[in-house]
Amino acid sequence: MPWPRFDLPLLHTLVAAVDAGGLVRAAARVGLTPSAVSLQMRRLEAQAGCALLRKQGRRLVPTPAGERLVSYARRLLQLDEEAHAALQEDAEAGVVRLGAPQDVAERWLPGELARFARTRPRVRLEVVIERSAALREALAGGRLDLALLFGEEVPGAALLGELPMEWLASAALPRPARGEPLPLVLFDPPCAFRSAAIAALDGAGLPWRLALTSPSLSVLWASAAAGLGATARTPLGAPAALRPAGRRLGLPRLAPVRLWLHRTSDRAAPAALADALAKALRDRHAVPQRRPGDRG
DNA sequence: CGTAAGTCTTCTATATGCTT
DNA sequence: AAGCATATAGAAGACTTACG
């Protein structure tokens, strides 16, 4: 057996395969074709000397040996990241200012930032929670280095992932009678979710009315949860009382929204740090498509 | 020591078969 | 029929070896 026993890139792919639950999705994560990933897993099984993955229906799940190796692989990859970061640490002391919408900042970002901070203890992160319009303005004004934004493609922005956009409502909100307008709970404009919701209803010829608008996501969640109206958003961070309600209320399907990583065009100041954080987020692009166990 | 030729490794593209 | 894993052929790059 040649040294080393295990190739780090193969372990990285194994972790991606187990996390993604299949080789096709793993391939997208690691930037290879599915066949290359399949070959990598065969090579890794040869290195391990035993089967690491097995089929379960259409999914691929780890064997007991695979699970043990994944646990080691995570530690090895973490150590690799730390070793790399340690060599760069001296060049990397400073502040990164990152903006994000509230649901992203609360539900997705903390884990990613903690991971980043572990490997770069001398970096201070400043997270700004604002609506997209305010974040765009702050980015343009040089008050942010990076921003996570929902919406359309902008040159220079990196796609982090796609999230389903759904109609969300309390079970207490009745289906409107024929011809009755659907009460909506939405952000003030400009808002990508608001525009998409209204366009979808208008496109389907369904009447609607604004029951409440607010600049605060918490107010929207609480109002919708109380049954004031339906809202359109990703399910990320939605309170438990809000359920996907498109089918029950007879509403048109909504296209998924894309989450983009924008960075300031001002390449000055802590460009290296912002680059490092941007790379860390892009590399993982771990936007949960749908957590296992979630329904519809 | 430097370089050219041969070999090996690993990738993509495409085809195929299995499962749901 | 769609979605997925895998088999195979060929291409590209990395590595090794032989030679001047």
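Here we summarise the structure given alongside this text. Just so it is clear, the structure is predicted and the values come from calculations on it, not from any experiment.

### Overview of the sheet that holds strand E12 (residues 257-263)
Taken together, five strands build an open sheet; the order of strands is E4-E3-E5-E12-E6 and the sheet is mixed. With one partner strand each, in any of the chains shown, strand E4 (123-129) and strand E6 (158-163) form the two edges of the open sheet. Here the strands of the sheet are splayed against their neighbours by 20° on average, with no regard to which way each runs. Relative to E12, strand E5 (residues 146-150) runs antiparallel, the two sharing five bridges. Residue pairing across strands places Leu149 opposite Trp260, the latter belonging to E12.

### So, the protein's contact with DNA strand C
Around DNA strand C, a shell composed of Gly22, Leu23, Val24, Arg25, Pro34, Ser35, Ser38, Arg42, Lys55 and Arg58 is seen. Backbone atoms, meaning sugar plus phosphate, form 82% of the atoms of DNA strand C positioned within 4 Å of the protein. Taking Val24, its main chain carries an N or O atom lying 2.7 Å from a phosphate oxygen of DNA strand C. At 3.5 Å from a phosphate oxygen of DNA strand C is found a side-chain nitrogen or oxygen belonging to Ser38. Elements represented by at least two residues in the surface near DNA strand C include exactly helix H2 (23-30) and helix H3 (34-48). Here the surface near DNA strand C gets four residues from one element, more than from any other, and that element is H3.

### Focus on H2
Listed as buried for H2 are Leu23, Ala26 and Ala27. The buried residues of H2 occupy an angular sector of 105° when the element is viewed end-on, so they sit on one face. Opposite the packed face of H2, turned more than 90 degrees from it, sit the exposed residues Val24 and Ala28. In this structure, the buried residues of H2 make contact with helix H1 (8-20), H3, strand E1 (53-56) and strand E2 (59-62). Phi for Gly31, located one or two positions after H2, is positive at around 75°.

### Observations regarding the protein's contact with DNA strand B
Near DNA strand B you find Leu32, Thr33, Ser35, Ala36, Gln40, Arg43, Gly57 and Arg58, and these make up its full shell. Backbone atoms, meaning sugar plus phosphate, form 73% of the atoms of DNA strand B positioned within 4 Å of the protein. One of the side-chain nitrogen or oxygen atoms of Ser35 is found 3.0 Å away from a base nitrogen of DNA strand B.

### With respect to empty space enclosed by the protein
Inspection of every chain in the model, using the stated rule, returns two cavities of 30 Å³ or more. Of the volumes computed, that of the largest cavity is approximately 60 Å³. The wall of the largest cavity is formed by Val185, Leu186, Phe187, Cys191, Phe193, Arg194, Leu217, Leu220, Trp221, Thr231, Ala232 and Arg233. Around the second largest cavity, the lining residues are Gln102, Asp103, Glu106, Arg107, Leu217, Trp221 and Gly237. Residue assignment for the lining of the second largest cavity shows that the elements contributing at least two residues are helix H5 (102-107) and helix H9 (217-225). Of the residues that constitute the lining of the second largest cavity, the class distribution is two nonpolar, two polar and three charged. When we break the lining of the second largest cavity down by domain, the ones giving at least three residues each are domain 2 (93-162 + 258-285) and domain 3 (166-254).

Cut-offs used in this document
- Residues numbered from 1 in each chain as written.
- Chains lettered and ligands numbered in written order.
- Predicted model: local features only at pLDDT ≥ 70, side-chain atom pairs only at ≥ 80, totals over all residues.
- Heavy atoms only, no water.
- Pairing = 2+ DSSP bridges.
- Helix = DSSP H or I, 4+ residues; strand = E, 2+ residues; numbered from the N terminus.
- Axes fitted to C-alpha atoms, helices over the stretch in contact; angles between N-to-C directions.
- Near = heavy atom within 4 Å.
- Polar contact = N/O pair within 3.5 Å; in protein donor to acceptor, adjacent residues only side chain to side chain.
- Buried < 20%, exposed > 50% of the residue type's maximum accessible area, 1.4 Å probe, protein only.
- Arc of directions from axis to C-beta.
- Contact = heavy atoms within 4.5 Å.
- 1 Å grid on protein atoms, 1.4 Å probe; cavity = no way out; pocket = protein on both sides within 12 Å on 5 of 7 lines; lining within 4 Å.
- Points joined across faces, edges and corners; volume = space filled by probe spheres on them.
- Nonpolar A, V, L, I, M, F, W, Y, C, P; charged D, E, K, R; others polar.
- Domains from an automatic or database assignment.

These results come straight from atomic positions and should not be treated as a statement about function.
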